[in-house]
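This is what each chain is made of:
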Amino acid sequence: MHIHAYKRTEATPIELFGLTIFFTPNARGDVVAEVAHEPAVQRLLSIPEAYREYMAASEAVASPAPVAPALAPSPAAATVTPASETVVLQEVAKGHSSASFPAQFEIAEGKSVTIDEVIASAQARAKLDTEEWNLNDEEDRDSLIELEVRHLIEAEQTAAAAPGEGGEEPPVAISLVLTADDGTTIDLGAMTATQVREFASKNGVILPGGNSTKVADLRAMVAQALTKA
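Residues numbered from 1 in each chain as written. Predicted model: local features only at pLDDT ≥ 70, side-chain atom pairs only at ≥ 80, totals over all residues. Heavy atoms only, no water.

### Some thoughts on the packing of aromatic side chains
Part 1: Following the criterion strictly, the structure yields one aromatic pair and no others.
Part 2: Look at F23 and Y51: their rings are 5.5 Å apart centre to centre, the planes differ by 40 degrees, and that puts the pair in the tilted class. One end of the pair, F23, is in strand 3 (residues 19–25); the other, Y51, is in the loop between helix 1 (38–45) and strand 5 (52–53), and 28 residues separate them in sequence.
Part 3: A residue is classified by how much of its surface remains accessible, and Y51, at 2% relative accessible area, is buried.
Part 4: A cation over an aromatic ring shows up here: R52 above the ring of Y6, its NZ or CZ 4.2 Å from the ring centre. (Phe/Tyr/Trp six-rings, centres within 6.5 Å; stacked < 30°, edge-to-face > 60°. Helix = DSSP H or I, 4+ residues; strand = E, 2+ residues; numbered from the N terminus. Buried < 20%, exposed > 50% of the residue type's maximum accessible area, 1.4 Å probe, protein only. Lys NZ or Arg CZ within 6 Å of the ring centre and 35° of its normal.)

### What about the packing of helix 7 (residues 193–202) against helix 8 (residues 215–228)?
Part 1: Their axes nearest at 9 Å, the elements helix 7 and helix 8 cross at an angle of 20 degrees. Viewed along their axes, helix 7 and helix 8 adopt a mutual orientation that is roughly parallel. The chirality of how helix 7 crosses helix 8 is left-handed. The residues of helix 8 that touch helix 7, namely those facing A193, V196, R197, F199 and A200, are V215, L218, R219, V222 and L226.
Part 2: Class assignment for the residues of the contact of helix 7 with helix 8 results in eight nonpolar, no polar and two charged. (Axes fitted to C-alpha atoms, helices over the stretch in contact; angles between N-to-C directions. Parallel < 35°, antiparallel > 145°, perpendicular 65-115°, else oblique. Left-handed = near helix turned anticlockwise from the far one by under 90°. Contact = heavy atoms within 4.5 Å. Nonpolar A, V, L, I, M, F, W, Y, C, P; charged D, E, K, R; others polar.)

### Observations regarding helix 8
Part 1: Given a rise of 1.5 Å per residue, 14 residues ought to cover 20 Å, and the 20 Å separating the end C-alpha atoms of helix 8 matches this to within 8%.
Part 2: Among all positions of helix 8, only L218, R219, V222 and A223 are buried. Across the axial projection of helix 8, the buried residues extend over an arc of 130 degrees, all falling on one side. Residues of helix 8 that are exposed and angled more than 90 degrees away from the buried face: T227 and K228.
Part 3: The inward-facing, buried residues of helix 8 abut strand 8 (177–179) and helix 7. (Expected span 1.5 Å × (residues − 1). Arc of directions from axis to C-beta.)

### Some details on the confidence of the model for the chain
Part 1: Taken as a whole, the chain shows an average pLDDT of 76; of its residues, 75% reach a score of 70 or greater.
Part 2: Taken element by element, the predicted model of the chain shows its lowest mean pLDDT in helix 3 (residues 83–94) (35) and its highest in strand 4 (residues 31–34) (92).
Part 3: Ignoring residues within four places in sequence, the model shows residues 57–65, a span with pLDDT below 50, making 11 contacts including any to other chains.
Part 4: Across residues 70–95, where pLDDT falls below 50, the model places 24 contacts with residues more than four positions away in sequence or in other chains. (pLDDT = per-residue confidence, 0-100.)

Take a look at the structure:
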């Protein structure tokens, strides 16, 4: 089948299913390629914003496949983007394959990103332009969107936990071995809950009553209080 890249005006190679399909201008100036691979035909025709069946294929005279130097854009083409191609890129960039995605994702408390921002970030991470993104399977695009949301959430969590950047400083380890005035050492870590409470009472440290506080927390409270003192 002949496929017409009707938004294009110059020779363009397309990588699809491991094949390189050359779209080249014919005698009429239409950019056309003959595609025999059925999955490639279906994939291209699924993008009506850029491709369609070429009905005048029998009357067209296709030019030979271009060599590498012929693909280099002219100075004018390098600086001017046709308005029609710009519209196509904008439409593809805003699209995604599933209506199940919300318009916004909350990636941190009080911070959200839109679906368009997620798609743009996913395209950049995967190093795909908008046309290559649109040529992916719907399931692949959904997977990339979901993966990008997780990346953004993890990045926010990492930034929040980093010391010196607005996050909390990591807790400082408290030694449970205390040194008395006479040079002897007392190991709170070897004491039972009852022994810790007796020691705290003798040294003027007030601990919470009842049995709900873990012995490890009681030891840490006593060590912290006496160390500060």
